[in-house]
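Spelled out from the first residue to the last, the chains are:
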2 protein chains.
Amino acid sequence: MSTELKPNKLQLYNSLSRAKELFVPINSPNVGMYVCGPTVYGDAHLGHARPAIAFDLVFRYLKHLGYKVRYVRNITDVGHLENDADQGEDKIAKKARVEQLEPMEIAQFFSDRYLDNMDALNVLRPSIQPRASGHIPEQTEMVQSILDNGFAYESGGSVYFDVVKYNQKHHYGKLSGRNIEDTLENTRQLEGQHEKRDSVDFAIWKKAAPEHIMRWKSPWSDGFPGWHMECSAMSAKYLGTQFDIHGGGMDLRFPHHESEIAQSVAANGHDPVKYWMHNNMVTINGQKMGKSLGNFITLDEFFTGSHALLHQAYSPMTIRFFMLQAHYRSTLDFSNEALIAAQKGFEKLMKAMETLSKIKVSNQNDFDIKAWITASYEAIDDDFNSPILIAQLFEAVRMINLLHDGKAQIDAENLSLLVTSLHAFVFEILGLNSEASQSSQNDITAGLMQLLIELRQNAKTNKDWPTADLIRNRLTEIGIGIKDTKEGAVWEVL
Amino acid sequence: MSTELKPNKLQLYNSLSRAKELFVPINSPNVGMYVCGPTVYGDAHLGHARPAIAFDLVFRYLKHLGYKVRYVRNITDVGHLENDADQGEDKIAKKARVEQLEPMEIAQFFSDRYLDNMDALNVLRPSIQPRASGHIPEQTEMVQSILDNGFAYESGGSVYFDVVKYNQKHHYGKLSGRNIEDTLENTRQLEGQHEKRDSVDFAIWKKAAPEHIMRWKSPWSDGFPGWHMECSAMSAKYLGTQFDIHGGGMDLRFPHHESEIAQSVAANGHDPVKYWMHNNMVTINGQKMGKSLGNFITLDEFFTGSHALLHQAYSPMTIRFFMLQAHYRSTLDFSNEALIAAQKGFEKLMKAMETLSKIKVSNQNDFDIKAWITASYEAIDDDFNSPILIAQLFEAVRMINLLHDGKAQIDAENLSLLVTSLHAFVFEILGLNSEASQSSQNDITAGLMQLLIELRQNAKTNKDWPTADLIRNRLTEIGIGIKDTKEGAVWEVL
């Protein structure tokens, strides 16, 4: 493809401005991207696949456009103050105490399984996958900076971010659109709240309770960093204090990302992120699928079909295609029907990709492939609109089938453009891959054996014993046994 | 198998006592094991596979015996003082500066590749894989303890372990058998040595040069921990200050492991490890294969055959079997001849495992399988003597072939014992697995096609055109094309 067919006209929806903006990196051609990764105290479910695939698309497309992307996705292995409801609870340590295991052993176990799931989904590995537990000094240093700058206070060995004071100078709520008064009114009084000057304040360092396993020394107490701190500290360490893209699930916009902004502004004096991007939720019967809600289906359960709600197993590529068929900012409702439709659509697309290799060049040409390519780039350039890009791909499928059936013709230049761009869109950008090789291999063996059994039967009918014997003996050499049964000959690999 | 056939009579060679000792865990049934893992600034080579496979055997066998093993293998992602020759050099940071990359991005890249190689070799994932960069607080705390206890001193922002003073009270050299006088005489004068009280002292915290990228704050300087510190600090964190087994390559015995002992004794007052185990080296033309020597062949090169010294590709299981055919304390010399022999041996073993499933039970019995099992356990119990265990397996192969050929008989009880124990030894303990499915599938297709082409040729010779056409047309349906060339018919999957 010529370069003018790859226009860098990428517009992305910035959650901060609530508008689509032209993507202009801070230090082109380098792009820094940070995405909130999993908390590794349980198996990944469908909801975890959504941000992974959504930002994999971003990562892949930016690389396709020629950017040099450093993609950082963290692993949360430190239990954290997830929300007011379980303040002071360290989820991982809690599970570790129950199972009498080292928390890091559980974290390693589920981290490995998460990454296996991501490999199966053909999600490219991020450039850096920092662990929260591995960046305690960076976090305590940032807590100290916030204290030094007067936006936090120590209380009872913990350090709290002073949201009210911060909000006097800056705007706490700029990302989520909440205002602090609303937040104040809606905050419940809970355990540990007495240490805070204001109930809206949040911990950036938490003194560990005596039974709390995961803990580190700090100037304030033996404890652990507040949940929001890891992303602020690790993104700054690996991408700088100002970087291009920060992604994550929409449910992280408040309080997590809002607090990340406040922490970074308080520590470094400026906003950390140019473009904030948020994927929408996976729902099940209209409700967010989530661990805390107990309504989740794990990815392994999808891959094996081992969950009561699943009518069948769904391959990783079916899951990936299902996700990409929806725009990342739309909710995506789980249903067997939608997944089966995705499976069929994916198979149809893959079959067309195979057919494509057999299309013959003509002197005549019925299709304007350049226009098709332009429209396809317009789709993906429009805030990564993968469903429209996929609609474009099915337009190409239609063309391929017309060509294959001899109902249309294509010349060499257009065929070359079609092949190159389809491979780029399907495999490189959307990250789909053919899972068919093993099963098609089995299909071939079955087909060949069916033919050989028929030939042997014909030989027998014709009393051509040498041929019948040749077939049987050679199959034995190959390692295939034939047994004559009442229902005909059956075979097996010995 | 009955439990008396699994005697816990495991003897292992303790490098510390230089003798085989009965294995008695400190807190049975829990076992703590720490093994020095890779430095992730380059691809893993055959030398890296050796400790990984040697201690995978230990991990697997201890689990087989019923122990609850926590296996910690570190990832060295902080550049370190590797030896006097490159003192002050941070290998990772050096490469990062050259490539203008973030050191952690390189570390992540090679760490991912290392783990992929280990997966291919069927090396079980350790319970915890801590990164050195993720345990800076633990390391600085340990440095502080050593300082507090008077076994280290600060000089020029760095902290040095006072080997001479330590050796007055304890014994520096107990593991390696070196005495400090020899060490003193053999130590060259190098850059940075002027800060030390004695040339034999080693850095446990090193002040970073201005150009040094990887650095952390500490009470002494912005710098990084000495190389030996990470293993001492991380093993203590995850296994306690006294644990059962510490493993690694023989070349790490001095100065790395010797210094680990000294650091732990200096910080905690007692020896850290009950059993020290060291695997021997992989050699090439009699010389250690190593990155610093530049004579290494990477695992990927073995798997693909893409290195001038390799006559062919060697599968991960061939590499694994090759390694297990030698005792872990023997040197293992690379040669194509030895690898090809390993490949054939492995294939023979796997073929026998397949044949085993077809052995028929008899009322008579020619083999004493219990005696065979006892001898097999004696082999593995004798300091993990995998070559003798493999010899036992080939004794079983001989039995299987006699049984299959009808030249011997086995009764139900003995067959059951043989099947169960062989599966335990081959798959569970030695960690071999059959990788034949894909390649044998290709072999079957090739064999079937050869037969069909021959049948078609015969049909043509006999002017049996319907059969010749039937074959061609049905192959087209299956998706296989046949082309008649001067050299005969060739085929391809379309």
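Keep in mind that what you see is a predicted model, and the values were worked out from it rather than measured. (Residues numbered from 1 in each chain as written. Chains lettered and ligands numbered in written order. Predicted model: local features only at pLDDT ≥ 70, side-chain atom pairs only at ≥ 80, totals over all residues. Heavy atoms only, no water.)

A. Broad picture of the interface of chain A and chain B. Contact residues are listed per partner, giving 49 residues for chain A and 50 residues for chain B. Summed over both partners, the interface of chain A with chain B buries about 4300 Å², with 56% contributed by carbon and sulfur atoms. Across the contact surface, chain A and chain B share six salt bridges. Taking the shortest distance from any N to any O, the salt bridge between R70(A) and E105(B) comes out at 2.5 Å. (Contact = heavy atoms within 4.5 Å. Buried area = accessible area lost by both parts, 1.4 Å probe. Salt bridge = Lys/Arg side-chain N within 4 Å of Asp/Glu carboxyl O.)

B. Inspection of the nonpolar core at higher detail. Of all hydrophobic cores here, the largest spans 104 residues; its most connected members are I146(A), F161(A), I146(B) and F161(B). Beyond its immediate chain neighbours, meaning those up to four positions away, F161(B) contacts I146(B), F151(B), A152(B), Y166(B), D201(B), F202(B), I204(B), A262(B), Q263(B) and A266(B). (Core = buried A, V, L, I, M, F, W, Y, C linked by side-chain atoms within 4.5 Å. Buried < 20%, exposed > 50% of the residue type's maximum accessible area, 1.4 Å probe, protein only.)

C. Structural detail: the sheet that holds strand β11 (residues 282-284) of chain B. Residue and element names in this part refer to chain B. The three strands lie next to each other as β12-β11-β13, forming an open sheet whose pairing is mixed. Each of the sheet's edge strands pairs with one partner strand only, and the pair in question is β12 (287-288) and β13 (332-334). Bridge count between β11 and β12: two bridges; the pairing is antiparallel. Looking across to β12, one finds that I284 is bridged to Q287. (Pairing = 2+ DSSP bridges. Helix = DSSP H or I, 4+ residues; strand = E, 2+ residues; numbered from the N terminus.)

D. Quick look at unusual backbone geometry. With omega at 5 degrees, the peptide bond leading from S28(A) into P29(A) counts as cis. Counting through the fold element by element, P29(A) comes out in the loop between β2 (19-22) and β3 (30-35). Phi is positive for K463(B), close to 55 degrees, though the residue is something other than glycine. Take K463(B): it is sitting in the loop between α15 (436-461) and α16 (465-478). On the basis of relative accessible area, K463(B) is assigned to the exposed category, the value being 61%.

E. Seen up close, the environment of G431(A). Residues and elements named next belong to chain A. Tracing the backbone shows G431 in the loop between α14 (412-429) and α15 (437-461). Classification of G431 by relative accessible area gives buried; the value is 0%. When the C-alpha positions of G431 and L121 are compared, they lie 8.8 Å apart, and in sequence the two are 310 residues distant. If sequence neighbours within four positions are ignored, G431 has contacts with R60, N122, M317, R320 and V426.

F. Highlighting the packing of helix α10 (residues 316-324) of chain B against helix α11 (residues 336-356) of chain B. Residue and element names in this part refer to chain B. Viewed as axis vectors pointing N to C, α10 and α11 meet at an angle of 100 degrees, and their least axial separation amounts to 8 Å. With respect to α11, the axis of α10 lies roughly perpendicular. Residues M317, T318, I319, F321 and F322 of α10 form the contact with α11, whose own contacting residues are A338, L339, A342, Q343, G345, F346 and L349. Residue classes in the contact of α10 with α11 are distributed as nine nonpolar, three polar and no charged. (Axes fitted to C-alpha atoms, helices over the stretch in contact; angles between N-to-C directions. Parallel < 35°, antiparallel > 145°, perpendicular 65-115°, else oblique. Nonpolar A, V, L, I, M, F, W, Y, C, P; charged D, E, K, R; others polar.)

G. How the structure looks around the sheet that holds strand β11 (residues 282-284) of chain A. Spatially, the three strands line up as an open sheet ordered β12-β11-β13 (chain A), and their pairing is mixed. The sheet is open, and its two edges are formed by β12 (287-288) and β13 (332-334) of chain A, each paired on a single side.

H. Quick peek at the packing of aromatic side chains. Residues and elements named next belong to chain A. In total, this model carries 38 aromatic pairs over all chains according to the counting rule given. Pairing F302 with Y314 gives two aromatic rings, centres 6.4 Å apart and planes at 55 degrees, and the pair type is tilted. Here the residue F302 occupies a position in helix α9 (residues 299-304), and Y314 occupies one in the loop between α9 and α10 (316-324), the gap between them amounting to twelve residues. Of the residues examined, F302 reaches a relative accessible area of 0% and is grouped as buried. Judged by its relative accessible area of 0%, Y314 is buried. Taken together, a centroid distance of 6.4 Å and an interplanar angle of 80 degrees make the contact between F321 and F394 edge-to-face. Of the two residues, F321 is situated in helix α10 and F394 in helix α13 (residues 386-404); the sequence distance between them amounts to 73 residues. (Phe/Tyr/Trp six-rings, centres within 6.5 Å; stacked < 30°, edge-to-face > 60°.)

I. Examining α14(A) more closely. All names here are of chain A. A rise of 1.5 Å per residue sets the reference length of α14, with its 18 residues, at 26 Å; its end C-alpha atoms lie 24 Å apart and thus fit the reference within 8%. Among the residues of α14, N414, L415, L417, L418, S421, L422, A424, F425, V426 and I429 are the ones counted as buried. Looking at the packing, one finds that the buried side of α14 touches α1 (46-64), α11 (336-356), α12 (369-381) and α13. (Expected span 1.5 Å × (residues − 1).)

J. Representation of the relation of the copies chain A and chain B in the model. Laying chain A over chain B is done by rotating through 177 degrees and shifting 0.3 Å along the axis; what remains is an RMSD of 1.4 Å. Viewed as a symmetry operation, the transformation between the two copies matches a two-fold axis. Residues of chain A ranked by C-alpha distance from the rotation axis are headed by G134(A), positioned 1.8 Å from it. When the interface residues of chain A are mapped onto chain B, 100% of them are again interface residues, pointing to one common binding face. (Least-squares fit on C-alpha atoms with pLDDT ≥ 70 in both.)

K. Examining empty space enclosed by the protein more closely. Tallied over the full model, the rule gives eight cavities of 30 Å³ or more. Approximately 90 Å³ is the volume attributed to the largest cavity. Its residues assigned to classes, the lining of the largest cavity shows five nonpolar, six polar and two charged. (1 Å grid on protein atoms, 1.4 Å probe; cavity = no way out; pocket = protein on both sides within 12 Å on 5 of 7 lines; lining within 4 Å. Points joined across faces, edges and corners; volume = space filled by probe spheres on them.)

L. Layout of the pairing of strand β9 (residues 243-249) of chain B. Residues and elements named next belong to chain B. Along β9, seven of the seven residues are buried, which leaves the element largely enclosed by surrounding structure. Inspection of the sheet shows strand β3 (residues 30-35) paired to β9 by three bridges, in the parallel sense. When the sheet's bridge partners are listed, M33 is paired in β9 with I245. Note on the crossover from β9 through helix α8 (residues 253-268) to strand β10 (residues 273-279): the handedness is right-handed. (Right-handed = clockwise from strand over helix to strand, strands pointing away.)

The quantities given are spatial measurements derived from coordinates; they are silent on function.
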